[in-house]
Structure formats: C-alpha cells, structure tokens
Amino acid sequence: MTTETVAREAGRDFIRDIVQADLDSGQHKTIVTRFPPEPNGYLHIGHAKSIALNFGIAEEFSGRCHLRFDDTNPTREEQEYIDSIQADVRWLGFDWGNNLFFASDYFERLYEWAEGLILNGLAYVDDQSQDEIRASRGTLTEPGQNSPFRDRSVEENLDLFRRMKAGEFPNGARVLRAKIDMSAGNINLRDPVLYRILHAHHPRTGDTWSIYPSYDYAHGQSDAIEGITHSICTLEFEDHRPLYDWFLDKLPVPSHPHQYEFARLNLTYTLLSKRVLTRLVQDGHVSGWDDPRMPTIAGLKRRGVPPAAIREFVRRIGVAKANSVVDVGMLEFCIREELNRTAPRRMAVLRPLKVVIENYPERQSEEIEAINHPDDPAAGTRKIAFGRELFVEQDDFMENPPKKFFRLSPGSEVRLRYAYFIKCREAVKNAAGEVVELRCTYDPATRGGNAPDGRKVKATLHWLPAAQSKVAEIRVYNQLFASPSPDAGNFAADLNPQSLEVLKDARVEPSLAESNFDTAVQFERQGYFVRDPDSTADGLVFNRTIGLRDSFAKEVAKG
RNA sequence: UGGGGAAUGGUGUAACGGUAGCACAACAGACUCUGACUCUGUUUGUCUUGGUUCGAAUCCAGGUUCCCCAGCCA
C-alpha cells in the first residue's frame, strides 16, 4: 500500500486532511484534540457532531481527545451540567480516559500571564463603564476610540489589577483589556476584555476568585497548556482566530495550537439554539430537557434513539465550512437503519379493535410461535397465546374500503401474523355508529399462516389475544415543530400541535412487562418503541422512537 | 473597498487541472407471513460573466447571493 493510495479515503474532510498533512510533514507526532463545552446547559445533537469530530480524529490518528469544561463564567454554570455533559458524552460512546480538564484548573497560571502582559505594556485596566466601552468600541464600519485609561503606567495597572483580584471593587467597576488596536477592522482586536470582576460562586473554585477570564483569553491558553494540536471550533469563531494567535504569540505558552473552524449542524424541523431550548423547557412546551421531542442528547436517549444511529448520522453528513441545513429525514434513516438491524420484534396494538372468532371454541387457547428477528435466527422465537377473542388495529379495518386497501373489511380474508387466516363476517357498531367489534371466522387449516390449498391473502395483520395481553400507555411522538424551518425568533408559532399523542389503552405482549426489558423493540408494522422511565410495575409506558416507513399511508395522502 | 467566511441535484457531501461520484429524499418496479426490510432501475447539480489551458467544479479577474462579528456570553 503506497502513501498515494492512502491519501484519499471516503469519510475524509478538510480537517482530517490538515491533520494528515501535519502528521506527514512531521509538524506533529501525536494529535491532540479537545471537546470544550461550557457547563451551562444540556448537550444536543449539534454537539454530537463536534464530539464525534474531535474524538473521532483522535481515535483515527491514534492521538487523544480531552474533555475540557470551559468554566470561565460562574454566573451561568452549574455542577448539574458538568455531570450531565459527561454522562451524555459517555452515552454517545466516547471516552476521554484520564483527560478530563477544566479551564478553571488554569486560573492561577492565566492570572500570572495576565500580569506578564501588563508588565510588557500589552494590557491595561480600564475604569470605563460597560456602556462607555461599548460606545467607544466604534461600529462595524467606524473605528473605535482609545480609552482615556489606555496609557496608565505599568505600576498603576498592576496595582489596580491586583486589587481587582483581591475583590476590592464591585462587579463592573473595571476590566483588564489587551492593548491591541482600537481601529482594527476585526472588532475582536479592539482592545478585548481579558478579565471582568464577578463576585460569584464558582462550581469548582468556590469563592476563591472575584475576577474571571473571558473566553478569548482563556481558551487558546488552555489549549496550549494541554498541548492541543488542532483546536476545532465552529464558524462563528473564525474572526477570533487572530486574537487566539495574538495571545499565543505574546505569552510564554508551552505550545502553539492552531484553530480550525467548521460549520455547525442545522436540521430541518429543529431548533438548536440554547435560548430556544431553554424556553421550550421553562415555558412548559416540553416536559424537560429530556423530553423525547427535544434535540438534546438526553431527549434523544429517552426517545429511544441508539447512540450508534447518532454516530452514523454525524458521520454521513460530513464536515465542511459551508452553512447548511440537513434534512431530518437523514437522521430518521440512520435511526431506522440501526433499529431495524438490532431491535427484537414484538406485537402491540395501539388502538385496539375487538375481534371475535365465532368458529373458534369458547375457553380454548393455543400457543403460536413467533420469530424475534426476521434477519437473525439466533434471536430465537417466542410463544403468543391465541384464542377466541383478539385485538387488531382499528386502522386495519374499513367498512367501505377503497380500491387498494388490502386489510380487513366485510367479506375480506387476511392473515393474522404467525396464526391463521380470518375472514370478516360482520362489523358490530355502537349507538354512535362506531365499529366496536368484528365478528370473524378462521380457517383451522391455515394454522401457522399458510393455506394448504395455496390461496393467498394480500395482508398480514398484527394482533394480540384479548385476555393474555397487557395494557400499556403509548406516547406517539412527532416533530416538535410543524415548519421545516421554524422561526427561532417566534418559535411558539411554529410548534406542532400534534407533536405528542398519548394512547392510554394500547395492548402489548406480556413479555414487555419484564423488568429487564429496556432495549428498543419494533412493534411490527408500527415502528420502533422503547420503554419510558415513567413506567411502573403495573403501568407500562412506551415511547415511539420513530414509525416504520409507510408507503401505503403516503399513497393514501396523495389521493 | 469595515473585517472574516461560504457557494456542486430537493438535501448533505466528494472530486485537490483529466469520465461530476456517494448517501438521503423522490419516483417506478421486483420480492415479501411486517404496505417494513432487501433488491433493480429512473429523475435532478458545478451561483454568474469573462480569462488562462489541449482540457476548469478546481487556476485568474470581475460580479451576485448567503452567513458571522459592534457581550464585562461562549
């Protein structure tokens, strides 16, 4: 195998190309990446893209990936998020080994380096108010004005900065700023703030500090301390890169990492901004951060989405610099693909319709054998009770069926999966004219599902015995938003009123009540489901992860 | 002429001067004890105008459109 043939492989992207080139040129021997969340919220599927990128690169190139919490703003951060983020990354299937770090671990060193900047005349304490700083920063098209405090002496700056650290001043009284260029076209270079006074309790450093470094000042230096080689972030940080490099050039850092940017994930029918997700939870549009309709990792998990499906999804969508919106259908495909391969099959009747087999003896019962996975004989079989009274799906009966409806209707014959052919004789209605029961006959010769005379049926229905099935609540989830591109500014207007449908008296196979049954299952002809944590010993609850593809429904919809 | 980025089928992405490929979606068909899965086939694309070249998605020049930046958020 020559180097040339190795050069281009499927699944590559511009960042992996850079990494490969750096390895080839000897620029780096070991690749070190990092995933650097701020612990101020729950992770979502957009983070999964970044996680898979950073951990994936480390794994593919035999390097390592750090999990580093960018905990530089104690007013927004909580231990709850530090814990949930670690749980989510692990659940996704990634491992940082011993490489768990916190930017707050570096507060002391960052502070010393800041004094160094002051000593070299590269930073100053500014007494202006926040409004004054904003006003003198200029605009996108006009340069800013120098602060009247910009030329303080080194001694005065040092004294003031030390007193800031000592907690002598109230929040907002002063900031430490880098002395760069107030007329720079790049606004990030117009004397950015390095430290602000924040009398706040930090989840890790407690009340030790009353000043905290800004993202710009902390991030690159943290990368350098950890020996990160490729600091990968999203596009909006592109114009922070000159500042990232400025600090690394001016400070006595142990290494000089390089920052690379890629486009963040956008999905149709989905909003991923923290502001919107927070309001969805706070305003009660969803039940919490782990509501199965949420695009959070916790929500996806509760929904029943397997981590392998998420990994496959982010692998398929690739990594590039162009802003894009991925069709949520791509995610759904990956979920179905994984679940079809792995989920055992069971039968469940979501909206039961009673069926009485008139020619089946009263009080008789027999066991029918059903296979657990059509493509995996090793998954084995199970027994299902069959008797005179059964349930089938309401949708599987139509009194006046249209042309292409193959299921039950008066006079039609269908197969009950694994069991018998049955023929509908009569539909019994209630006073309101609704069909409440089907009177049918079965053909005893068709046991097992095939007719000795070779006659065929056009439909096979799932079913459950009336007596030996369990009642369950089934939560059928659909898109949270009705619009393919919901408006983040007025998201409430784009909410899908049918995002959740609760079916209180569905029926499932008794085996699903077993306490150890927590894996995803396919309810045949319906979709993929997973038991919800709300389940109790006598109150089963299932979430629908996703329905099966339904070409019949599509045809009906087309008319 | 504020600075920084990006434009390839409906969608995402590849092609690094040499046959525009893959996947999702859509459509048609085959198969089927899940109207699922699987299989087969079809449709659809290089933002634009010039230039360089035997040859341009790729290089050059101009234009157009879209995204990001004026937090003591990250």
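These figures come from a predicted structure and were not determined experimentally. (Residues numbered from 1 in each chain as written. Chains lettered and ligands numbered in written order. Predicted model: local features only at pLDDT ≥ 70, side-chain atom pairs only at ≥ 80, totals over all residues. Heavy atoms only, no water.)

Some words on empty space enclosed by the protein
The following threshold applies: Only protein atoms enter the 1 Å grid, on which a cavity is a set of points fitting a 1.4 Å probe that cannot get out and a pocket is an open set with protein on both sides within 12 Å along at least 5 of 7 lines, lining residues being those with an atom within 4 Å of a point. Grid points are joined across faces, edges and corners, and a volume is the space filled by probe spheres set on the points. In this text, helices come from DSSP runs of H or I with a minimum length of four residues, and strands from runs of E with a minimum of two, each type numbered from the N-terminal end. Any residue that is not Ala, Val, Leu, Ile, Met, Phe, Trp, Tyr, Cys, Pro, Asp, Glu, Lys or Arg is counted as polar, Gly included; the first ten are nonpolar and the last four charged.
The full count for this structure, using the stated rule, is 1 cavity of 30 Å³ or more. Quantified by volume, the largest cavity comes out at close to 40 Å³. Every residue along the wall of the largest cavity is listed here: Y215, D216, H219, H240, L243, Y244 and Q259. When residues of the lining of the largest cavity are traced back to their parent elements, those giving at least two are α8 (215-226) and α9 (241-250). Per-element accounting of the lining of the largest cavity gives the leading share, 3 residues, to α8. Its residues placed into classes, the lining of the largest cavity shows 3 nonpolar, 3 polar and 1 charged.

Overview of the sheet that holds strand β21 (residues 470-477)
Our working rule: At least two bridges found by DSSP between two strands are what make those strands a pair.
With mixed pairing, the 7 strands of this open sheet are ordered in space as β10-β23-β24-β25-β21-β22-β11. The open sheet has two edge strands, β10 (345-346) and β11 (348-349), and neither has a second partner. When strand β24 (residues 527-531) meets strand β25 (residues 540-547), the two strands line up antiparallel, connected through 5 bridges. Its bridge partner lying in β25, F529 is registered against R544.

Some thoughts on the domain arrangement of chain A
Quick note on the threshold: Start and end positions for the domains come from either an automated domain assignment or a database one. Should any heavy atoms of two residues lie within 4.5 Å, those residues are counted as being in contact. Note on terms: buried area is the combined drop in 1.4 Å-probe accessible area of two parts once they are placed together, counting the loss on both. Here, a salt bridge means any side-chain nitrogen of Lys or Arg that lies within 4 Å of a carboxyl oxygen of Asp or Glu. Polar contact criterion, stated in full: a pair of N or O atoms within 3.5 Å, where within protein one must be able to donate a hydrogen and the other to accept it, and residues adjacent in sequence count only if both atoms are side-chain atoms.
Each assigned domain of chain A is listed here: domain 1 (10-262), domain 2 (274-345 + 472-558) and domain 3 (351-462). A C-alpha centroid distance of 29 Å is found between domain 2 and domain 3. Contacts between domain 2 and domain 3 engage 17 residues on the former and 19 residues on the latter. Buried surface at the junction of domain 2 and domain 3, summed over both partners, amounts to about 1,500 Å²; 43% is from carbon and sulfur atoms. Among the residues of domain 2 in contact with domain 3, R345, E524 and R525 are the three that bury the most area, contributing 40% of the side total. Counting across the interface, domain 2 meets domain 3 through 5 salt bridges. Summed over the shared surface of domain 2 and domain 3, the number is 13 residue pairs in polar contact (both at pLDDT 80 or more). Of all elements in the fold, only α13 (328-342), β22 (500-508) and α14 (551-558) reach the threshold of two or more residues within the side of domain 2 that touches domain 3. Here the side of domain 2 that touches domain 3 takes 5 residues from β22, the largest share from any one element. Its residues assigned to classes, the side of domain 2 that touches domain 3 shows 5 nonpolar, 3 polar and 9 charged.

Remarks on the sheet that holds strand β5 (residues 175-178)
The line we're drawing: In this analysis an axis means a line fitted to C-alpha atoms, helices contributing only their contacting stretch, and an angle means the value between N-to-C directions, from 0 to 180 degrees.
Strand order in the open sheet formed by 4 strands is β4-β5-β6-β7, and the pairing between neighbours is antiparallel. Two strands close off the open sheet at either side, each with one partner strand: β4 (123-126) and β7 (211-213). Recorded for the sheet is a direction-independent mean angle of 20° between the axes of neighbouring strands. In terms of strand pairing, β5 meets strand β6 (residues 193-197) through 3 bridges, oriented antiparallel. Looking at β6, one finds that V175 is bridged to R196.

Considerations on the layout of surface pockets
Empty space within the second largest pocket amounts to approximately 1,200 Å³. Lining of the second largest pocket is provided by 41 residues; of these, H47, E236, F237, R264 and K274 occupy positions nearest its centre. Elements with a minimum of two residues in the lining of the second largest pocket: β1 (32-35), α3 (45-60), α8, β8 (230-234) and α10 (274-282). Class assignment of the residues belonging to the lining of the second largest pocket gives a composition of 19 nonpolar, 14 polar and 8 charged. Domain assignment of the residues forming the lining of the second largest pocket places at least three in each of domain 1 (10-262) and domain 2 (274-345 + 472-558).

So, α3
Here is the rule we go by: How far a helix is expected to stretch is found by multiplying one less than its residue total by 1.5 Å.
Between its terminal C-alpha atoms α3 stretches 21 Å, which fits the 22 Å expected from 16 residues at 1.5 Å a residue. A positive phi of about 55° marks S62, the residue just after α3.

Looking at the protein's contact with RNA strand B
We apply this condition: Only heavy atoms are used to decide nearness, and a residue is near a molecule or strand if one of them lies within 4 Å of it.
In the vicinity of RNA strand B, 69 residues are found, and the nearest of them are R316, R345, R407, R415 and G448. Considering RNA strand B, the proportion of its atoms within 4 Å of the protein that are sugar or phosphate atoms stands at 62%. Within the side chain of N73, one N or O atom sits 3.4 Å away from a sugar or linking oxygen of RNA strand B. S551 is positioned such that a nitrogen or oxygen atom in its side chain is 2.9 Å from a phosphate oxygen of RNA strand B. Contributions of two or more residues to the surface near RNA strand B are made by α6 (130-136), β6, α12 (307-317), α13 and α14. A per-class count over the surface near RNA strand B returns 21 nonpolar, 23 polar and 25 charged.

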